[in-house]
Amino acid sequence: MDAEKRSPTAYIEAVVEKASRVLEASRVVQIGQSITARAAAVTRASSLYRWLTKEPDPEVVVIDLRETYTVGPFVRLLDRLVPHVERAWNGSVLKRATDRTGALVREAPVKVASVLLLVVLSVQTLQSLPAIQSGSVTTVGTFTLAWLLALVGLRVDWTLAELAESRAGRLLRALLEPPEPPNED
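Residues numbered from 1 in each chain as written. Predicted model: local features only at pLDDT ≥ 70, side-chain atom pairs only at ≥ 80, totals over all residues. Heavy atoms only, no water.

(A) View of the side chain of threonine 125. Examined against the element boundaries, threonine 125 turns out to sit in helix 6 (residues 109–127). Other than its neighbours up to four places away in sequence, threonine 125 contacts Ile132, Phe143 and Trp147. (Helix = DSSP H or I, 4+ residues; strand = E, 2+ residues; numbered from the N terminus. Contact = heavy atoms within 4.5 Å.)

(B) Spotlight on the pattern of salt bridges. This model, assessed by the stated rule, comprises four salt bridges. A salt bridge links arginine 66 to aspartate 64; its shortest N-O distance comes to 3.7 Å. According to the relative accessible area criterion, arginine 66 is partly exposed, its value standing at 41%. According to the relative accessible area criterion, aspartate 64 is partly exposed, its value standing at 35%. (Salt bridge = Lys/Arg side-chain N within 4 Å of Asp/Glu carboxyl O. Buried < 20%, exposed > 50% of the residue type's maximum accessible area, 1.4 Å probe, protein only.)

(C) Broad picture of the side chain of serine 92. By secondary structure assignment, the location of serine 92 is in the loop between helix 4 (72–90) and helix 5 (93–107). At a separation of 3.0 Å, a polar atom in the side chain of serine 92 contacts the main-chain amide nitrogen of lysine 95. (Polar contact = N/O pair within 3.5 Å; in protein donor to acceptor, adjacent residues only side chain to side chain.)

(D) Spatial organisation of the nonpolar core. Judged by nonpolar contacts, Leu118, Leu121, Phe143, Ala146 and Ala150 together constitute the single largest core of five residues. In terms of residue count, helix 8 (residues 137–153) provides more of this core than any other element does, three residues in total. Setting aside its immediate chain neighbours within four residues, alanine 146 contacts Leu117 and Leu121. (Core = buried A, V, L, I, M, F, W, Y, C linked by side-chain atoms within 4.5 Å.)

(E) Examining helix 8 more closely. The terminal C-alpha atoms of helix 8 lie 24 Å apart, and with 17 residues this matches the ideal 24 Å at 1.5 Å per residue to within 8%. Among the residues making up helix 8, those that are buried are Thr139, Phe143, Ala146, Ala150 and Gly153. Down the axis of helix 8, the smallest arc covering the buried residues is 95°, so these residues share one side. Exposed residues lying more than 90 degrees from the buried face of helix 8 are Val137, Leu145 and Val152. Summarising the contacts, the buried residues of helix 8 are in contact with helix 6 and helix 7 (129–133). (Expected span 1.5 Å × (residues − 1). Arc of directions from axis to C-beta.)

(F) The arrangement of the layout of surface pockets in detail. Taken as a whole, the largest pocket encloses approximately 240 Å³ of empty space. Lining the largest pocket are Pro8, Thr9, Ile12, Glu13, Val16, Ser166, Arg167, Ala168 and Leu171. Counting residues per element, the lining of the largest pocket draws most heavily on helix 1 (residues 8–24), which supplies five residues. Its residues assigned to classes, the lining of the largest pocket comprises five nonpolar, two polar and two charged. (1 Å grid on protein atoms, 1.4 Å probe; cavity = no way out; pocket = protein on both sides within 12 Å on 5 of 7 lines; lining within 4 Å. Points joined across faces, edges and corners; volume = space filled by probe spheres on them. Nonpolar A, V, L, I, M, F, W, Y, C, P; charged D, E, K, R; others polar.)

(G) View of a nonpolar patch on the surface. Together, Tyr11, Ile12, Val15 and Val16 give the surface a local cluster of nonpolar side chains, amounting to about 390 Å² of exposed area. With respect to the secondary-structure elements, isoleucine 12 resides in helix 1. (Patch = residues over 30% accessible without salt bridge, like charges linked within 9 Å, V, L, I, M, F, W, Y side chains within 5 Å. Areas by Shrake-Rupley, 256 points an atom, 1.4 Å probe, with all protein chains shown as cover.)

(H) How the structure looks around the packing of helix 6 against helix 8. Where helix 6 meets helix 8, the axes come as close as 8 Å, and the angle between the chain directions of the two elements is 150°. In terms of axis orientation, helix 6 runs roughly antiparallel to helix 8. Of the two elements, helix 6 crosses helix 8, and the hand of that crossing is left-handed. Residues Val110, Lys111, Ser114, Leu117, Leu118, Leu121, Ser122, Gln124 and Thr125 of helix 6 form the contact with helix 8, whose own contacting residues are Phe143, Ala146, Trp147, Leu149, Ala150, Leu151 and Gly153. For the contact of helix 6 with helix 8, the residue count by class is 10 nonpolar, five polar and one charged. (Axes fitted to C-alpha atoms, helices over the stretch in contact; angles between N-to-C directions. Parallel < 35°, antiparallel > 145°, perpendicular 65-115°, else oblique. Left-handed = near helix turned anticlockwise from the far one by under 90°.)

Honestly, it's all geometry; don't read function into it.
Pasting the structure below:
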C-alpha cells in the first residue's frame, strides 16, 4: 500500500506495531521487566504482604477503632467534621465550578485539551524565542507541529463517550483495564 493512500489509522497502527517490536527487543525494557519481577517477588515474600493478603480467620476479633487511644480521637473528629465539610462543599462555588468543568470535559475533551495545550505553547513559545529566532530547525519544527495539533484539536467536537467507543479508546481501555480474576473451578 502506498504511503499516500494509507489512512492515518493504518499509519498509527504501523507505528505502534513497529514500536512494540523495538521495545520487545530493547535491553532497557528487559532490565526493567527483570527489576519489576524481582521487586514483585520480594514483595510477595515479605511478611507484611502475607499478613495483609492472608485469608481471614473465622475466629477473628473485630476492634472498633473509635475505642482505641491512638486512632479513636481522629476517627471521632472526622465523624464530627465530615457533615459540616460536606454541607459547605455542596453549597460552594468551587463545587459548581468543578461540576461545570467536568461537564465541559465530558462534552468536548479534545477542545479542552487543545485550549490547555495552546496556553502551555504560548508560554513555551515566549520562553523559547531566542532558540526560535536562531532558526533551530528542530525547535521551529516541534513548535509548529504542536501549534498545528492544538489548532486542529479546536475543531474536533467528539464527546468523551464517542472517544471511549472509538478504536483507540477501546484499545486504551483494553490496555489499562485490570484482568478478570482467575476462575476458582
